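Inside the fold
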Amino acid sequence: MRVVSLVPSLTEAVALTVPGVLTGATDWCTHPAGLDVVRVGGTKNPKTERILTLAPDLVVANEEENRAPDLDALRAAGVEVLVTEVRTVPQAFTELERVLAACGSPSRPRWLDEAEAAWSAVPPSPPKRRATAVVPIWRRPWMVLGRDTFAGDVLARLGIDHLYAGHAERYPKVPVEELREARPDVVVLPDEPYRFTADDGPEAFPGLPCALVDGRYLTWYGPSLAEAPRALGAALRAARR
């Protein structure tokens with residue numbers, strides 16, 4: 001089996017579960033550490049000719065992270081492409097199982113069972129104790145989580161309702177002045193795709209609690225899901241003290 005992954009979280013899942021099947025991955029595939037495969041460009045601009053030279057049996061992709069024209073070009077060249085859709089935590093478990101089976105995993109890995117158990121153990125948050133948030137993912141221009149996103153569902157399960165969940169766009173551009181005026185209980189700043197730092201919160205959102213979080217726990221659907229409830233929960237609680 002020869003697999004190319006165009007999604008960082010799926011790269012990690014496949015590499016840990018079915019060692020040796022990955023022959024190519026994107027430049028953004030940073031986990032597991034020391035992954036030694038051919039790099040095929042970015043998630044939005046993969047080098048399709050380089051992928052074809054690897055003669056993959058399967059390319060794994062995602063409808064949000066990868067562009068349809070690139071995937072169509074691979075299919076036109078005779079490559080099988082598996083496209084995932086992940087917008088909720090339960091959907092992540094279903095899609096991960098599908099990807100791993102397609103990559104030749106003989107059984108469901110332990111880490112996936114542990115991840116599902118970790119999320120099942122998260123207690124529901126009483127309505128009166130839920131907090132509000134804005135979740136920037138970029139600046140210059142400012143962009144935030146909008147409707148129907150995996151990261152939004154992750155936060156909702158941890159008792160955090162982001163204020164743009166009902167927006168018509170999935171990642172709307174919103175002026176920072178409007179974000180400040182919304183007065184959320186917390187501003188959630190991940191370190192990817194934009195690398196927010198501890199300086200961004202006080203500079204852009206003076207007077208508002210800010211939680212700097214590991215973007216891998218917020219946006220990746222893979223082995224990190226097992227640790228995400230604890231790590232994100234701790235960061236969010238610390239910011240609101």
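Preceding this paragraph is the structure being described.
Residues numbered from 1 in each chain as written. Predicted model: local features only at pLDDT ≥ 70, side-chain atom pairs only at ≥ 80, totals over all residues. Heavy atoms only, no water.

With respect to the element layout, Glu192 can be found in the loop between β10 (186–190) and α8 (200–204). Judged by relative accessible area, which is 26%, Glu192 ranks as partly exposed. In the structure, Glu192 is positioned 111 residues away from Val81 in sequence and 26 Å away in space, judged by C-alpha atoms. Setting aside chain neighbours within four positions, we find Glu192 in contact with Gly215, Arg216, Thr219 and Trp220. Of note is the side chain of Glu192, whose polar atom sits 2.7 Å from the side chain of Trp220. (Helix = DSSP H or I, 4+ residues; strand = E, 2+ residues; numbered from the N terminus. Buried < 20%, exposed > 50% of the residue type's maximum accessible area, 1.4 Å probe, protein only. Contact = heavy atoms within 4.5 Å. Polar contact = N/O pair within 3.5 Å; in protein donor to acceptor, adjacent residues only side chain to side chain.)

This paragraph deals with the pairing of strand β5 (residues 81–84). Across four bridges, strand β4 (residues 58–62) lies against β5 in parallel orientation. The residue bridging Val59 from the neighbouring strand is Val81, located in β5. (Pairing = 2+ DSSP bridges.)

Spatial strand order, β3-β2-β1-β4-β5: five strands in an open sheet with parallel pairing. The strands lining the two open edges of the sheet, one partner per strand, are β3 (38–39) and β5. Relative to strand β2 (residues 22–25), strand β1 (residues 3–5) runs parallel, the two being bridged by three bridges. From the neighbouring strand, Ser5 faces β2, where its bridge partner is Ala25. The strands touched by helix α4 (residues 89–102) are β4 and β5; relative to β5, the strand with the most contacts, the crossing angle is about 165°. (Axes fitted to C-alpha atoms, helices over the stretch in contact; angles between N-to-C directions.)

At a minimum axis separation of 10 Å, helix α1 (residues 8–17) and α4 run at an interaxial angle of 50°. Taken together, the axes of α1 and α4 lie oblique to each other. Between α1 and α4 lies a crossing of right-handed hand. Judged by residue contacts, Leu10, Ala13, Val14 and Thr17 of α1 engage Leu96, Val99 and Leu100 from α4. (Parallel < 35°, antiparallel > 145°, perpendicular 65-115°, else oblique. Left-handed = near helix turned anticlockwise from the far one by under 90°.)

Turning our attention to the nonpolar core. Membership of the largest hydrophobic core comes to 51 residues, with the highest contact counts inside it found for Val60, Cys103, Phe150, Val188, Leu218, Tyr221 and Leu225. Of the residues forming this core, the biggest block, six residues, is contributed by α4. What Leu218 contacts, discounting residues up to four positions off in sequence, is Val135, Phe150, Ala151, Val154, Leu155, Val188, Pro190, Val213 and Leu232. If you look at the next biggest cluster of nonpolar residues, it comprises 14 residues, including Val134, Val176, Phe196 and Ala204. (Core = buried A, V, L, I, M, F, W, Y, C linked by side-chain atoms within 4.5 Å.)

Okay, the sheet that holds strand β11 (residues 210–213) next. An order of β9-β6-β10-β11 is seen for the four strands of this open sheet, with the pairing classed as parallel. Whereas interior strands pair on both sides, the edge strands pair on one side only; in this sheet they are β9 (160–162) and β11. Averaged over all adjacent pairs, the angle separating strand axes in this sheet is 35°, with direction ignored. Two strands pair when backbone bridges link them, and strand β6 (residues 131–134) and β9 are joined in this way by three bridges, in the parallel orientation. Looking at the pairing, Ala133 lines up with His162 of β9. With respect to the sheet, helix α10 (residues 228–239) is in contact with β9, β10 and β11, its orientation differing from that of β11 by roughly 155°.

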